[in-house]
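Notes for the structure review
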Amino acid sequence: MALLAVTGTGTEVGKTVTTAAVAALALTAGRRVAAVKLAQTGVLPHQDGDLAEVVRLAGPLGTRELARYPEPLAPATAARRAGLPGLRRDAAAAAVRELDADHDLVLIEGAGGLLARFDDTGWTLADLAADLAAPVVVVTTAGLGTLNAAALTAESLARRGARLHGVVIGSWPARPDLAMRCNLTDLPEMTGGPLIGVLPRAMAERGREAFAAAARAGLGAPLGGRFEATDFAVHWRT
Ligand SMILES: Nc1ncnc2c1ncn2[C@@H]1O[C@H](COP(=O)(O)OP(=O)(O)OP(=O)(O)O)[C@@H](O)[C@H]1O
Ligand SMILES: [Mg+2]
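Because the structure is predicted, anything quoted here is derived from the model rather than measured.

Burial in helix 8 (residues 208–218) covers these residues: Phe211, Ala212, Ala214, Ala215 and Gly218. Considered in projection along helix 8, the buried side chains sweep an arc of 160° and stay on one side of the axis. Those residues of helix 8 that are exposed and angled more than 90 degrees off the buried face are Glu209 and Ala217. On the buried face of helix 8, the contacting elements are helix 1 (15–28), helix 2 (50–58) and strand 9 (195–200).

Here it is, written out as structure tokens:
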């Protein structure tokens, strides 16, 4: 795995935390890691974006933010309103390929959910993942409503020729409710992809070492960790 795209069922679901968790494990394993944020919105030029958060959590790694717009909107909309150019699909692919040449792993975080548009042609992270043959991780919320959004996301990936690597629950509470516990079984069934991570809520507030340890426990083998979905589901069986 040299490229990995990280999308989600929506905004604020834990894409950046998941990106940082995968990066932390790869860095610990001595791999050269880079993270790309395709388009950062809702952030002014001098402010920290998602990549600063990835470095804070995971440690020093290569970073590249390809576009930035001040208003907290979908990238194509934010670009239009700011009178700035949108991010072109070929420019995004070229930037990722350039990083791929001198890194062992390049993580690509989208903006919002899968079908957020990056410019007026309407391309999405699914299209870029297909162009680059990059497997896609879908980050979901834990609770009620996530099954539908995750299944729609998986369907859209397939329709656009992108491959689902697996599903990660971005933030798992200490006391999960009934829907959350049932989702451990239903998410893989409804998306057709394995559950390859469940990240504990509050892991983002710890130092780097504790964050990496939580990443190792919360991410499965396809992402470099030790998480076992079957054991986890048995533990929380209702
Ligand atoms: N496992 C976790 N532990 C602690 N905090 C978390 C966890 N997952 C998510 N959060 C918190 O929830 C918020 C949203 O997470 P995050 O920034 O990763 O979402 P996102 O999907 O990348 O959002 P965006 O669409 O804005 O890029 C952040 O404040 C983050 O610190
Ligand atoms: Mg993010």
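For ligand 1, the set of nearby residues contains 20 residues, the closest of which are Thr11, Lys15, Thr16, Asp50 and Gly170. Between ligand 1 and Thr16 there is a distance of 2.8 Å, counted from an oxygen atom to a backbone nitrogen or oxygen. Between ligand 1 and Ala202 there is a distance of 3.0 Å, counted from a nitrogen atom to a backbone nitrogen or oxygen. Alone, ligand 1 offers 630 Å² of accessible surface; in the complex the protein occludes 78% of this. The cavity that encloses ligand 1 is the largest pocket. Contributions of two or more residues to the shell around ligand 1 are made by helix 1, strand 8 (164–172) and strand 9. Ranked by residue count, the leading element in the shell around ligand 1 is helix 1, at 3 residues. Of the residues in the shell around ligand 1, the class split is 7 nonpolar, 6 polar and 7 charged.

Cut-off values and rules
- What you see as residue numbers is a count from 1 along each chain, following the sequence as written.
- The naming scheme follows written order: chains are lettered A onward, ligands numbered 1 onward.
- Per-residue local features are limited, in this predicted model, to residues with pLDDT of at least 70; the limit for side-chain atom pairs, both in listing and counting, is 80 or more; totals at the level of whole chains, interfaces and linings are taken over all residues.
- No hydrogens and no water enter the side-chain calculation; it runs on all heavy atoms of the structure.
- We call a residue buried when its accessible area falls under 20% of the maximum for its residue type, exposed when it is over 50%, and partly exposed in between, using a 1.4 Å probe and counting protein chains only.
- The secondary structure listing takes helices from DSSP runs of H or I that are at least 4 residues long and strands from runs of E that are at least 2 residues long, numbered from the N terminus.
- An arc is given here, and it is the one of the directions from the helix axis to the C-beta atoms.
- Any two residues whose heavy atoms approach within 4.5 Å are treated as being in contact.
- Nearness is judged by heavy atoms alone; a residue qualifies as near a molecule or strand once a single heavy atom is within 4 Å of it.
- What qualifies as a polar contact is a pair of N or O atoms within 3.5 Å, subject to a donor-acceptor requirement within protein and to the restriction that residues adjacent in sequence count only when both atoms come from side chains.
- Per-residue and other accessible areas follow the Shrake-Rupley method at a 1.4 Å probe size, with only the shown protein chains counted as cover for residues.
- Using a 1 Å grid laid over the protein atoms alone, points where a 1.4 Å probe fits but cannot get out form a cavity; open sets with protein on both sides within 12 Å along at least 5 of 7 lines form a pocket; any residue with an atom within 4 Å of a point counts as lining.
- Those molecules having more than half of their atoms within 2 Å of a cavity or pocket grid point set are described as sitting in that cavity or pocket.
- Nonpolar residues are Ala, Val, Leu, Ile, Met, Phe, Trp, Tyr, Cys and Pro. Charged residues are Asp, Glu, Lys and Arg, and all others, Gly as well, are polar.

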